[in-house]
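A structural walkthrough
So you can see what is in the structure, the chains are spelled out below.
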Amino acid sequence: MVNWKKYGKIFDPTQLKVFSYCNEFAQSPQVLKIDNGFRIYYSTREIDETGKFLSHIAFVDFNKDFSKIIGKSEKPVIPLGGLGTFDEHGIFPINPLKVESEVYAYTCGWSRRKSVSVETSTGLAISKDGGKTFLKTGQGPIFSSSLNEPFLVGDSFVKKFNNKFHMWYIYGVRWLENSQEEPARVYKIAHATSDDGMVWDRNGETCIPDKIGENECQALPSVEYHNDQYHMVFCYRHAMGFRKDPSKGYRLGYALSDDGIHWERNDDFGGIDIPNGEWDRDMRCYPHLFSHEGELILLYNGNEFGKYGFGLAKLEN
Amino acid sequence: MANWNKIGRIFNPSDYVEIQWLDQFAQAPATLVFDDFVRVYFSCRPKPIDGQFVSDTAWVDFDRKDLTKVLNIAKKPILPRGDKGTFDEFGVYPTSIVRNEDKVVAYYGGWTRCEAVPFNVAIGRATSSDNGESFTKEGPGPIISYSPEEPFVMSGPKIRKFGSTWYLFYIAGKKWISTSRIAEPVYQIRMAYSDDGITWKKENKDLIPPRIEEDECQASPDVFFKDGVYHMFFCYRKSLNFRGKEGGYRIGYAFSTDLINWTRDDSKSGIDVSESGWDSEMVAYPHVFELDGEIYMMYLGNDVGREGFGLAKLSGKL
């Protein structure tokens with residue numbers, strides 16, 4: 001019997017402010033292993049002069065059993081882009097990947113639009129100092145809209161399996177116009193491969209079948225190989241009403257695969273979506289999966305899209 | 001030495017008051033030659049709403065024997081603008097056309113509106129099975145989008161086939177300049193190539209060095225092959241204060257034997273603004289084509305084609 005054992009919230013951004021101008025949000029925690037523990041990158045938010053959010057990348061370093069914070073970033077790890085660029089209004093999330101002596105960061109850049117709220121694309125930045133600072137590979141994205149993935153490309157998660165880079169990401173399929181709310185985006189999980197982590201081949205198909213209808217929004221795919229299977233955790237929600245109505249908000253989804261290509265959706269796997277407590281009772285989202293010393297470990301956000309931090313879980317057999 | 005003898009303006013959108021989608025502007029002419037007529041694609045705009053323009057692309061047919069004589073005009077634009085949130089939601093401009101077997105293929109700039117800057121552009125593709133009268137988009141997204149070295153404003157496509165290779169000349173944004181009024185983009189000429197017209201490899205190189213200032217804006221990279229040499233006519237302007245005669249568009253010239261390395265020599269463009277009239281402040285968006293033993297240029301005048309496009313005929317050699 002497999003069981004996801006929840007250890008509760010391990011980080012609260014309102015308790016430890018990494019930057020003076022970011023008071024809340026620690027979204028989409030993602031791990032880089034460091035010598036004495038784990039560096040966890042996340043997105044935190046500043047409010048700009050127009051009252052809108054700007055997401056910045058920060059990190060906190062944990063010791064090996066996640067009981068103690070042993071370090072933190074002093075300034076945003078990657079600066080936002082210049083006027084008119086794809087990551088001008090935020091970077092959220094970031095996915096770190098060790099590639100030989102460097103650390104690649106796949107970023108999701110946000111820029112605001114007029115008729116819809118936002119457009120996103122995936123950028124790449126590279127660190128030569130173990131993930132403390134990064135240099136962008138250019139002003140523009142490495143992975144963006146294309147013929148049949150017309151907008152909202154982002155949430156890239158990259159891992160190397162069998163000498164090939166694999167990316168799971170999301171792209172937008174439609175913007176729903178409705179009278180109650182601003183246009184609402186619908187996005188799905190897809191897969192691409194690469195030999196160098198920079199130039200990508202899309203396979204043009206979505207990975208995960210919908211469970212709550214064609215307007216299900218799927219986000220933040222995270223994949224790990226564990227006990228002879230590929231495991232994917234992601235989050236999904238309704239296209240509308242998801243901010244206020246807990247029954248429409250993000251839930252954790254799960255899928256298993258033998259080859260990393262064909263996935264069997266099994267959202268009940270190990271009780272992954274059972275709430276841990278008050279902090280994740282209304283929403284569970286932005287999961288990140290990694291293995292360490294034979295254990296499969298999950299980081300994820302709770303209520304209000306991670307406004308008050310992230311928690312930890314481990315798979316027990 | 002090239003010298004373009006101006007024949008005059010051949011199309012003025014104000015002559016078509018009954019057409020709703022054609023209020024002002026006839027921009028970026030591109031030709032497709034038929035047995036009896038020459039079809040010229042151009043981009044136009046209906047009346048603005050709240051001061052905001054949208055663009056569409058349509059065509060007008062001229063008599064092959066008399067390029068000043070209009071025979072026919074499109075009933076409607078060749079493509080609908082894109083759905084909510086797509087790259088071409090607010091405009092299809094400019095458009096370049098090429099024949100491919102029994103089809104006609106269009107590459108176009110698709111416009112969206114942004115918050116911090118006024119717009120962004122990416123390049124789309126569409127195909128016609130009815131001799132270029134109407135087109136179907138290849139997909140809801142762009143065929144050429146942004147990349148690390150070409151971060152925004154991918155526009156002005158000019159499609160060419162030389163041998164079995166497709167070449168796309170276009171512009172890519174380099175930066176946005178903040179001004180007290182509105183942000184202005186700086187863009188320069190780039191190129192990509194392809195075996196099938198679908199999958200493109202960017203050359204990632206500025207083809208034409210700026211001349212009048214570092215932030216010179218370049219557009220309409222129109223490449224024409226003649227006598228073993230590739231000739232590029234393009235237009236350029238200042239990055240700011242370009243809406244009048246002084247900083248406005250002029251036509252430049254460069255040549256190459258390999259399509260990658262170009263020598264710029266604007267003194268050989270052979271065309272400039274007129275003393276008076278519709279093209280007295282600007283000449284812009286050149287398109288060069290050969291027809292029945294003669295070489296012609298179509299181009300825009302003042303206000304970048306607000307009042308239509310004109311024709312000139314080459315005397316001398318390129």
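That block above? That's the structure.
Let me begin by describing the structure that accompanies this report.

Basis of the calculations
- Residues numbered from 1 in each chain as written.
- Chains lettered and ligands numbered in written order.
- Predicted model: local features only at pLDDT ≥ 70, side-chain atom pairs only at ≥ 80, totals over all residues.
- Heavy atoms only, no water.
- Salt bridge = Lys/Arg side-chain N within 4 Å of Asp/Glu carboxyl O.
- Buried < 20%, exposed > 50% of the residue type's maximum accessible area, 1.4 Å probe, protein only.
- Helix = DSSP H or I, 4+ residues; strand = E, 2+ residues; numbered from the N terminus.
- Core = buried A, V, L, I, M, F, W, Y, C linked by side-chain atoms within 4.5 Å.
- Contact = heavy atoms within 4.5 Å.
- Buried area = accessible area lost by both parts, 1.4 Å probe.
- Polar contact = N/O pair within 3.5 Å; in protein donor to acceptor, adjacent residues only side chain to side chain.
- Nonpolar A, V, L, I, M, F, W, Y, C, P; charged D, E, K, R; others polar.

1. Here's the deal with the pattern of salt bridges
Evaluated as defined, the whole model comprises 49 salt bridges over all chains. In this structure, Lys9 of chain A and Asp12 of chain A form a salt bridge, with 3.5 Å as the shortest nitrogen-oxygen distance. Residue Lys9 of chain A is classed as partly exposed on the basis of its relative accessible area, which comes to 33%. Residue Glu184 of chain B pairs with Arg243 of chain B through a salt bridge whose shortest N-O separation is 3.1 Å. Of this pair, Glu184 of chain B sits in strand β12 (residues 184-194) while Arg243 of chain B sits in the loop between β15 (229-237) and β16 (250-256), placing them 59 residues apart in sequence. Taking the relative accessible area as the measure of exposure, Arg243 of chain B reaches 49% and is therefore partly exposed.

2. Considerations on the nonpolar core
Among the nonpolar cores identified, the biggest contains 90 residues, and Phe11, Trp262, Tyr285 and Phe309 of chain B are the most heavily contacted of them. At 8 residues, strand β11 (residues 165-177) of chain B tops the list of elements feeding residues into this core. Apart from the residues lying within four places of it in its own chain, the contact partners of Trp262 of chain B are Phe169, Leu207, Ile208, Val223, Tyr230, His231, Met232, Ala254, Phe255 and Ser256 of chain B. Counting 44 residues, the second largest nonpolar core, distinct from the first, contains Phe161, Cys207, Val233 and Leu315 of chain A.

3. Notes on the interface of chain B and chain A
In this complex, chain B contributes 29 residues to the contact, which on the side of chain A involves 27 residues. In total, chain B and chain A occlude about 2,300 Å² of area from one another, counting both sides; carbon and sulfur atoms represent 59% of this. The largest contributions to the chain B side of the interface with chain A come from Lys84, Glu115 and Pro148 of chain B, which together make up 31% of the buried area. Summed over the shared surface of chain B and chain A, the result is 3 salt bridges. In this structure, Arg112 of chain A engages Glu115 of chain B in a salt bridge whose closest nitrogen and oxygen atoms are separated by 3.0 Å. Run the count over chain B and chain A and you get 11 residue pairs in polar contact (both at pLDDT 80 or more). If one sorts the elements of the side of chain B that touches chain A by residue count, β11 of chain B sits on top with 3 residues. Counted by class, the side of chain B that touches chain A contains 14 nonpolar, 9 polar and 6 charged residues.

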